[in-house]
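Read off the chains here:
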Amino acid sequence: MRTLIVIVGGIILWAVITGVAKLFNDHASSSWKPVAIFATIWLMITSWNIWVGVTQAGYTLMQELPIFLLTYLLPVAVAVFIKYKSRP
């Protein structure tokens, strides 16, 4: 359940970053910059999440790695897919 919450949180974060970019820049819809900013911020957040899992929850790195890949790559893939499909 926690993994699903983290993934949904990533998609919400992407939507917020895209919305803020559109608010401040008329050309945000044609730029990949919001996706790049999201991917960078989301990498930091999911890296922190894996660090907590390994250092405090007692999981091994190999146990956490598939969850890290899922929680990072799925929201980024959604952002890239939607950006790619909505390009002019």
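With respect to the overall build of the protein
Part 1 of the reasoning: Each helix and strand in the protein was counted, giving three helices and zero strands.
Part 2 of the reasoning: Ordering the α and β elements of the protein from the N terminus gives α-α-α.
Part 3 of the reasoning: Expressed as lengths along the three principal axes of its C-alpha atoms, the size of the protein is roughly 45 × 20 × 20 Å.
Part 4 of the reasoning: Here the protein holds 88 residues, and 30% of them are scored as buried.
Part 5 of the reasoning: At a minimum sequence separation of 6, the contacts of the protein that also span at least 24 residues come to 69%.
Part 6 of the reasoning: Taken as a whole, the protein presents about 6,000 Å² of accessible surface, with 73% of it coming from carbon and sulfur.

Focus: the packing of aromatic side chains
Part 1 of the reasoning: Following the criterion strictly, the structure yields two aromatic pairs and no others.
Part 2 of the reasoning: Note on Phe68 and Tyr72: the rings are 6.2 Å apart at their centroids and 10° apart in plane angle, and the pair reads as stacked. Residue Phe68 and its partner Tyr72 are both found in helix H3 (residues 61–85); the two are separated by four residues, about one turn of the helix. With respect to class, Phe68 is no different from Tyr72; both count as buried.
Part 3 of the reasoning: Here Lys83 stacks its cationic end above the ring of Trp32, 6.0 Å away from the centre of that ring.

Concerning the nonpolar core
Among soluble globular proteins, nonpolar side chains are generally buried collectively.
Part 1 of the reasoning: Ranked by size, the top nonpolar core spans twelve residues in total: Val6, Trp14, Ile17, Val35, Phe38, Ala39, Trp42, Ile50, Phe68, Tyr72, Val76 and Ala79.
Part 2 of the reasoning: Elements represented by at least two residues in this core include exactly helix H1 (2–24), helix H2 (33–55) and H3.
Part 3 of the reasoning: No other element matches H2, which puts five residues into this core.
Part 4 of the reasoning: When neighbours within four sequence positions are excluded, Trp14 is seen to be in contact with Val35, Phe38, Ala79 and Ile82.

The rules behind the values
Residues numbered from 1 in each chain as written. Predicted model: local features only at pLDDT ≥ 70, side-chain atom pairs only at ≥ 80, totals over all residues. Heavy atoms only, no water. Helix = DSSP H or I, 4+ residues; strand = E, 2+ residues; numbered from the N terminus. Buried < 20%, exposed > 50% of the residue type's maximum accessible area, 1.4 Å probe, protein only. Contact = heavy atoms within 4.5 Å. Areas by Shrake-Rupley, 256 points an atom, 1.4 Å probe, with all protein chains shown as cover. Phe/Tyr/Trp six-rings, centres within 6.5 Å; stacked < 30°, edge-to-face > 60°. Lys NZ or Arg CZ within 6 Å of the ring centre and 35° of its normal. Core = buried A, V, L, I, M, F, W, Y, C linked by side-chain atoms within 4.5 Å.

Geometry only, nothing functional implied.
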